[in-house]
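Summary of structural features
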Amino acid sequence: MDSEDVSPFGYDAFRRSCPSHAVLETLASKWVHLVICALRRGRLRNGELARKLEGVTPKMLTQTLRILERDGLVRREIFPVIPPRVEYELTELGQNLAGLLDQIRAWSEQHVPDIKNARARVAEQQEDLDA
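Attention in this report is confined to the structure presented alongside it. Within every chain, residues take consecutive numbers counted from 1 along the sequence as written. For a predicted model such as this one, the threshold for reporting local features is a pLDDT of at least 70, and the threshold for listing and counting side-chain atom pairs is 80 or more; totals across whole chains, interfaces and linings nevertheless cover every residue. To obtain the side-chain values, all non-hydrogen atoms of the structure were used and water was disregarded.

Let's shift gears to the overall build of the protein chain. Secondary structure counts use DSSP, requiring at least four H or I residues in a row for a helix and at least two E residues in a row for a strand, with both numbered from the N terminus. Counting its regular elements, the protein chain contains six helices and three strands. By the compact-globule yardstick of 14 Å for 131 residues, the protein chain is too spread out, its C-alpha radius of gyration being 19 Å. If one aligns the C-alpha atoms of the protein chain with their principal axes, the spans along those axes are about 65 × 40 × 25 Å. Each residue is assigned to one of three classes by its accessible area relative to the maximum for its type, calculated with a 1.4 Å probe on protein chains only: buried under 20%, partly exposed between the two thresholds, exposed over 50%. Within the span of the protein chain, comprising 131 residues, buried residues form 26% of the whole. Contact criterion: two residues are considered in contact whenever any of their non-hydrogen atoms come within 4.5 Å of each other. Across the protein chain, every contact between residues at least 6 apart in sequence was considered, and the portion connecting residues at least 24 apart equals 45%. In the form shown here, the protein chain has an accessible surface area of approximately 9,800 Å², with 54% of it arising from carbon and sulfur atoms. Charge assignment: positive for Lys and Arg, negative for Asp and Glu; neither His nor the chain ends contribute. For the purpose of locating charges, the reference atoms are NZ of Lys, CZ of Arg, CG of Asp and CD of Glu. In the protein chain, which carries 19 positive and 20 negative side-chain charges, the distance between the mean positions of the two groups comes to 9 Å. Atoms counted for the radius of gyration: C-alpha only. Globule rule: 2.2 Å times the number of residues to the power 0.38. The Shrake-Rupley method, run with a 1.4 Å probe sphere, supplies the accessible areas, and residue values consider only the shown protein chains as cover.

Quick look at the structure:
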């Protein structure tokens, strides 16, 4: 193990047994990423999140919100009204992460043409090899 790979906090995400490895696994989820980015601008209800995140199933949204709440990134507030109203917002830790994830989201949006072109080149090369 290279000493440069170990964080100043003593963790090494390259090691399977490292707790930071599990954190990265959670953050690799597309829905985790998008929920955090959606909540960056403020509190949202479950239905608002569902409408913003096209394609997310109710089950996946619920699972994602539970994971984020468990990990201290999202706070859930239940209002005692009929029917119950539930709102979600980022914690300070979640806000800290949101800035990084928003940059990754923006990068992915900016470089869609580059990625599409690279994929097309590889597909074309594969077709030439198959011919």
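Only buried Ala, Val, Leu, Ile, Met, Phe, Trp, Tyr and Cys residues count toward a nonpolar core, and they belong to the same one when joined by side-chain atoms within 4.5 Å. Counting residues in hydrophobic clusters, the biggest one holds 21 residues, and the most contacted among them are Val35, Ile36, Leu39, Leu49, Leu53, Leu61 and Leu68. Sorting the residues of this core by element identifies α2 (30–39), α4 (58–70), β3 (85–90) and α5 (92–110) as the ones contributing at least two each. The element contributing the most residues to this core is α2, with seven residues.

What makes a salt bridge here is a side-chain nitrogen of Lys or Arg within 4 Å of a carboxyl oxygen of Asp or Glu, nothing more. Under the criterion given, the structure shown has 10 salt bridges. The salt bridge partner of Asp71 is Arg70, with a shortest N-O separation of 2.7 Å. For Arg75, the salt bridge is made with Glu89, and the minimal N-O distance between the two is 3.3 Å. Here Glu89 lies in strand β3 and Arg75 lies in strand β2 (residues 74–79), a separation of 14 residues in the sequence. Several salt bridges share partner residues, and in doing so they unite Arg43, Arg75, Glu77, Arg85, Glu87 and Glu89 into one network.

In this scheme, strands are said to pair when DSSP sees at least two bridges between them. As paired strands, strand β1 (residues 44–45) and β3 are joined by two bridges and run antiparallel to one another. Across the sheet, residue Arg45 finds its bridge partner in β3, namely Glu87. The pairing of β2 with β3 spans six bridges and is antiparallel. If you follow Val74 over to β3, its bridge partner there is Leu90. Two successive antiparallel strands, β2 and β3, enclose a turn made up of five residues.

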